[in-house]
Amino acid sequence: MSVTYDTANYGYVTARVRSRRAVLFDEDDYRKLVRMGPGEIARFMEETEYETEMNALGSRYRGVNLIEYALNRNLAKHFNDLLHFSEGSLYDYLARYLRKFDAWNVKTIIRGIYADSDQQTIEDDLIPAGAFSERQLDRLVGADSISMVVEQLEGTLFGPSLATALDDYENTGVLVPLENAIDRAFYSDMLEGLPEETDRATGLYIQVLRAEIDFRNIRNALRLARSGADIDPGTYYISGGRLFKESELRQLVGNMDQLTEYVRQSPYGGDLDSALSELESADSLIEFERALERALVEYADTLSNRYPLSVCPVIAYIRAKEREVDNIRAIARGKEAGLTGDEIEDELVIV
């Protein structure tokens, strides 16, 4: 009988991740950026690890556009590097997880067509860090309609869900059914074929994925609870987590206090204690969604510290890098829109 050995190289990849995480922007860097204008932010980034992307795109773009496109290109470079470094099951875990950027790109293309944006604008907003090839993305960007995008995605993980949601989109004229279908397809694919009882490495990966699904369900439930909208929570429910059943989510959405207490008493309660306090005192949907995002980053870091030689530090880095890009983008957009420093700082997720 032959024996198959896992060639996952956790030690090597986590060492590379530690070195990259060490150069992420910190709170002092964000304070400096908040005091700058878009041109100054661009010059500041040219002196950081974004230098290559800023220089490569500097002849085509200026200001906030240059910053945004450099951020996207840098993000894709780092995450493609992670796949290049990884072997064995670690490669499989990361390839599955990074399909979130296939979901991002499909949403970006659909939104661009919906807004009647030109192809170059849509293409510039893509982050090629998932499984779709450049040729596939080019075909999708070149589609004449949203229905053509859905047709071209037939045979991909997004195909069945989007085909089902297309009628709802055409009847309502809003993108929510399509975007929700994309999210559901992605999260379902992340867990596809992973056994319930398995080795420690796969078990940790499943724990990370289930946490992300739970946090997405919490976000959707809190959003519905605070909005008071008459929307069926099942429309937004994503299966695969460990915190909610669909029936429980339906019962809790109508009572914000009960929902928050339910999460506090859950396995995430200890990790989310400070975030839940923020959620209870938050004055807006945006505030508690930022608090929840901060909590998810903190939870990923908690798992990373508990299991330093596993997939957890790699996913924690991915989430931290995403937050850096989102923060820099928020600062640049805020400065362009004329927001005050305090208003911009309220938009940031800093852990």
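Since the model is a prediction, treat every value here as computed from it, not as a measurement. (Residues numbered from 1 in each chain as written. Predicted model: local features only at pLDDT ≥ 70, side-chain atom pairs only at ≥ 80, totals over all residues. Heavy atoms only, no water.)

1. So, a nonpolar patch on the surface
A surface patch of nonpolar side chains, amounting to about 250 Å² of accessible area, comprises Y114, V174 and V176. Following the sequence through the fold, V176 ends up in helix α12 (residues 176-191). Classification of V176 as partly exposed rests on a relative accessible area of 39%. (Patch = residues over 30% accessible without salt bridge, like charges linked within 9 Å, V, L, I, M, F, W, Y side chains within 5 Å. Areas by Shrake-Rupley, 256 points an atom, 1.4 Å probe, with all protein chains shown as cover. Salt bridge = Lys/Arg side-chain N within 4 Å of Asp/Glu carboxyl O. Helix = DSSP H or I, 4+ residues; strand = E, 2+ residues; numbered from the N terminus. Buried < 20%, exposed > 50% of the residue type's maximum accessible area, 1.4 Å probe, protein only.)

2. Side note on the pattern of salt bridges
Here the idea is simple: oppositely charged side chains can pair when their charged atoms come close. Applying the stated criterion across every chain, the model contains 22 salt bridges. Its salt-bridge partner being E49, residue K321 comes within 2.9 Å of it at the nearest N-O pair. Pair noted here: K321 is in helix α18 (residues 311-336) and E49 is in the loop between α3 (38-46) and α4 (51-57), with a separation of 272 residues, a long-range link. Between E179 and R111 there is a salt bridge; the shortest N-O distance is 2.6 Å. Of this pair, E179 sits in helix α12 while R111 sits in helix α7 (residues 100-114), placing them 68 residues apart in sequence. Given a relative accessible area of 37%, R111 falls into the partly exposed group. Residues joined in a network through salt bridges with shared partners are E68, K100, E212, E293, R319, E322, R323, D326, R329 and R333.

3. A look at the packing of aromatic side chains
A full pass over the atoms with the stated rule returns 13 aromatic pairs. Taken together, a centroid distance of 6.5 Å and an interplanar angle of 85° make the contact between F79 and Y317 edge-to-face. Taken together, the residues F79 in helix α5 (residues 63-85) and Y317 in helix α18 connect sequence positions 238 residues apart. Take F79 and Y317: they sit in the same class, and that class is buried. For the pair F244 and Y262, a centre-to-centre distance of 5.4 Å together with 15° between the ring planes defines the contact as stacked. Taken as a pair, F244 in the loop between α13 (200-227) and α14 (246-252) and Y262 in helix α15 (residues 256-264) lie far apart in primary sequence, 18 residues in all. Take F244: its relative accessible area is 5%, and that puts it in the buried class. Classification of Y262 by relative accessible area gives partly exposed; the value is 26%. (Phe/Tyr/Trp six-rings, centres within 6.5 Å; stacked < 30°, edge-to-face > 60°.)

4. Quick word on unusual backbone geometry
Although it is not a glycine, D116 adopts a positive phi angle of roughly 60°. Among the secondary structure elements, D116 is positioned in the loop between α7 and α8 (119-124). Given the relative accessible area of 69%, D116 is considered exposed.

5. Details of the environment of F158
Looking at the element boundaries, F158 is found in the loop between α10 (146-152) and α11 (159-172). According to the relative accessible area criterion, F158 is buried, its value standing at 0%. Considering only alpha carbons, one finds F158 and S145, 13 residues apart in sequence, at a separation of 17 Å. Those residues in contact with F158 that sit more than four places away from it in its chain are D102, A103, V106, F132, I182, A185 and F186. (Contact = heavy atoms within 4.5 Å.)

6. Observations regarding α18
Its 26 residues give α18 an end-to-end C-alpha distance of 38 Å, which sits within 8% of 38 Å, the value for a rise of 1.5 Å per residue. Among the 26 residues of α18, 21 are classified as buried, and the element is accordingly described as predominantly covered. Structurally, the start of α18 carries an N-cap: the backbone nitrogen of C312 is 3.1 Å from a side-chain oxygen of S310. Count one or two residues on from α18 and you reach G338, which has phi positive near 80°. (Expected span 1.5 Å × (residues − 1). Polar contact = N/O pair within 3.5 Å; in protein donor to acceptor, adjacent residues only side chain to side chain.)

7. Some remarks on the confidence of the model for the chain
Per-residue confidence for the chain gives a mean pLDDT of 86; residues scoring 70 or more make up 91%. Averaged pLDDT values for the elements of the chain fall to 71 in helix α16 (residues 273-281) and rise to 96 in α10. (pLDDT = per-residue confidence, 0-100.)

8. Some details on the side chain of N9
Residue position: N9 is located in the segment before α1 (10-21). Residue classification places N9 among the buried residues on the basis of a relative accessible area of 14%. Ignoring any residue separated from it by four or fewer positions in sequence, one finds N9 in contact with F85, S86, E87 and L90.

9. Examining the nonpolar core
Membership of the largest hydrophobic core comes to 110 residues, with the highest contact counts inside it found for L33, F79, I146, F158, L162, F244 and I328. Ignoring sequence-local partners within four residues, the contact set of L33 consists of F25, I41, F44, I328 and I331. (Core = buried A, V, L, I, M, F, W, Y, C linked by side-chain atoms within 4.5 Å.)

10. Structural notes on a negative patch on the surface
Residues E287, D342, E343, E345 and D346 make up a contiguous surface patch of negative charge. A per-element tally of the negative patch places helix α19 (residues 341-345) first, with three residues. Counting through the fold element by element, D346 comes out in the segment after α19. (Lys, Arg positive; Asp, Glu negative; His and termini not counted. Charge placed at Lys NZ, Arg CZ, Asp CG, Glu CD.)

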